[in-house]
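Below are the chains, spelled out letter by letter.
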Amino acid sequence: MMVFEWQADEALLTRTFLKHKGISRRLLSRIKFHGGQILVNGQEENVRHQLTVGDKVTVILPNEGKQEIIEAIHLPIDILFEDDHYIAVNKPAGYTSIPSQYNPQGSMANILKAYYQRQDYDNQVIHVVTRLDRDTSGVMLFAKHAFAHGLIDQQMQQKGIEKTYLAISDKRVSDFNHGFIDDPIARSPRSIIERRVHESGQSALTEYWLAEQVGALKVYKVQLHTGRTHQIRVHFAFNGAPLIGDDLYGGQMDHGIQRQALHCRSLKFKHQFTGEMIEIQAPLPEDISACFDI
């Protein structure tokens, strides 16, 4: 079980105090019905208890146990960061983030579940914080319990998580080394997978910097200010610079890479329990590095 302690700095109902600390009604229900506890100055209380200034509030979260709906798949996993609350992995290309109807086993969630089993963790429920497309590699962040997930999700909704991608094209996206692409993205009428820039779509904003040029290849640093499906790939292709290896959007396939040259290089967030700024980096995978050797 995980234990969290705070001191009340104003007179509030315990329910209101815990809401301010980020504990949701759903989590309160789990505490009540699945073996958790709420203590005030060491005595068990319910959420209607009136706090006074200086009271010590302790929350004991029940263990989440196992998540039977996700099957464990024992494959190698590259852990980039881990503590009691968060874990970040380096996702290889070719794996989805979560299981789907058409890919029930080949996801990072399946692989992480097996890692949790090997570590014999009390909490084995998979909490996905950030996702990547199947053929995009790089940093993926997970929360290790529901409280951590709720807090980091609030931070993400407030755009407090900064992800930096590296995208490689053999064309320039514009005449400028730094700029924004601000074009709406919609589904393509000819495919359930493909997206396109179209006025009927959702707003999408991509910021880019030309970081390096190696021979014919341009390496862009990219940050997303919205999170649309295939956003970087669609925006770059729409501006005449499809990513190499991206056959769905017209990228050149003669640079030795058979998937879009897109890698989530780094992820930065404020740790919800320590207050530290955490920055996690994933090294370039071999298939992207090899493009520069051809």
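So, here is what we can say about the structure in this document. Worth saying up front: this structure is predicted, and the values here are computed from it rather than measured.

1. Digging into the overall build of the protein
A tally of helices and strands in the protein yields six helices and 18 strands. When the backbone C-alpha atoms are referred to their principal axes, the protein occupies close to 70 × 40 × 35 Å. The buried share among the 294 residues of the protein stands at 48%. A separation of at least 24 residues holds for 64% of the contacts in the protein among residues at least 6 apart in sequence. Carbon and sulfur atoms make up 46% of the accessible area of the protein, which totals about 15200 Å². The protein carries 32 positive and 35 negative side-chain charges, and their two centres are separated by 5 Å.

2. A closer look at the pairing of strand S16 (residues 217-224)
Burial of S16 is extensive: six of the eight residues sit out of reach of the surface. Sheet topology note: the strand S15 (residues 205-214)/S16 ladder contains eight bridges and is antiparallel. Residue pairing for S16: Glu 207 is matched across the bridge by Gln 223. Taking the residues that link successive antiparallel strands as the turn, the S15-S16 hairpin has two residues, and the phi of Gly 215 there is positive, at about 60°.

3. A closer look at the pattern of salt bridges
All told, the structure shown has eight salt bridges when counted by the stated rule. Here Arg 233 ties to Asp 246 by a salt bridge, and the two come within 2.8 Å at their closest N and O atoms. Note that Arg 233 is positioned in helix H5 (residues 231-238) and Asp 246 in the loop between H5 and strand S17 (262-270), a separation of 13 residues in sequence. You'll find Arg 233 and Asp 246 in the same group, each marked buried. With a shortest N-O distance of 2.8 Å, Asp 287 and Arg 259 are connected by a salt bridge. Of the two residues, Asp 287 is situated in helix H6 (residues 286-291) and Arg 259 in the loop between H5 and S17; the sequence distance between them amounts to 28 residues. The class of Arg 259 is buried, set by a relative accessible area of 6%. Where salt bridges share partners, they join Asp 133, Arg 233 and Asp 246 into one cluster.

4. Remarks on the sheet that holds strand S2 (residues 37-40)
Here we have four strands laid out as an open sheet, ordered S1-S4-S2-S3, and antiparallel in their pairing. With partners counted over all chains shown, the strands left at the sheet margins are strand S1 (2-7) and strand S3 (43-44), one partner each. Pairing of S1 with strand S4 (residues 56-61), which is carried by six bridges, proceeds in the antiparallel orientation. Paired with Glu 5 across the bridge in S4 is Thr 58. Along the sheet, helix H2 (residues 25-33) contacts S2 and S4; its crossing angle with S4, the most-contacted strand, is approximately 80°.

5. A closer look at the side chain of Lys 218
As for its placement among the helices and strands, Lys 218 is situated in strand S16. Nearest to the buried, unbridged Lys 218 among oppositely charged side chains is Asp 170, at 6.9 Å. Only 3.2 Å separates the side chain of Lys 218 from the backbone oxygen of Ala 216, close enough to count as a polar contact. Contact partners of Lys 218, with chain neighbours within four places excluded, come to Ala 167, Ile 168, Ser 169, Asp 170, Lys 171, Arg 172, Leu 210, Glu 212 and Gln 213.

6. Regarding the nonpolar core
Core analysis: the biggest nonpolar cluster contains 64 residues, and Leu 18, Ile 23, Tyr 86, Leu 112, Phe 142, Phe 236 and Phe 269 have the highest contact counts within it. Per-element tally for this core: the top contributor is helix H3 (residues 108-119), with six residues.

7. Some details on a nonpolar patch on the surface
On the surface, Ile 192, Ile 193 and Leu 248 cluster together to form a nonpolar patch covering roughly 300 Å² of accessible area. Its location among the elements puts Ile 193 in the loop between strand S13 (185-187) and strand S14 (195-197).

8. Considering the side chain of Gln 155
Turning to its location among the elements, Gln 155 is positioned in helix H4 (residues 146-157). Look past the residues within four positions of Gln 155 in its chain and what remains in contact with it is Gly 160, Ile 161, Phe 269, Lys 270 and Gln 272.

9. Focus on unusual backbone geometry
With a phi close to 55°, Asp 120 is a non-glycine residue in the positive phi region. In this structure, Asp 120 sits in the loop between H3 and strand S8 (123-124). Given the relative accessible area of 60%, Asp 120 is considered exposed. Unusually for a residue other than glycine, His 230 sits at a positive phi of about 60°. Counting through the fold element by element, His 230 comes out in the loop between S16 and H5.

Analysis parameters
Residues numbered from 1 in each chain as written. Predicted model: local features only at pLDDT ≥ 70, side-chain atom pairs only at ≥ 80, totals over all residues. Heavy atoms only, no water. Helix = DSSP H or I, 4+ residues; strand = E, 2+ residues; numbered from the N terminus. Buried < 20%, exposed > 50% of the residue type's maximum accessible area, 1.4 Å probe, protein only. Contact = heavy atoms within 4.5 Å. Areas by Shrake-Rupley, 256 points an atom, 1.4 Å probe, with all protein chains shown as cover. Lys, Arg positive; Asp, Glu negative; His and termini not counted. Charge placed at Lys NZ, Arg CZ, Asp CG, Glu CD. Pairing = 2+ DSSP bridges. Salt bridge = Lys/Arg side-chain N within 4 Å of Asp/Glu carboxyl O. Axes fitted to C-alpha atoms, helices over the stretch in contact; angles between N-to-C directions. Polar contact = N/O pair within 3.5 Å; in protein donor to acceptor, adjacent residues only side chain to side chain. Core = buried A, V, L, I, M, F, W, Y, C linked by side-chain atoms within 4.5 Å. Patch = residues over 30% accessible without salt bridge, like charges linked within 9 Å, V, L, I, M, F, W, Y side chains within 5 Å.

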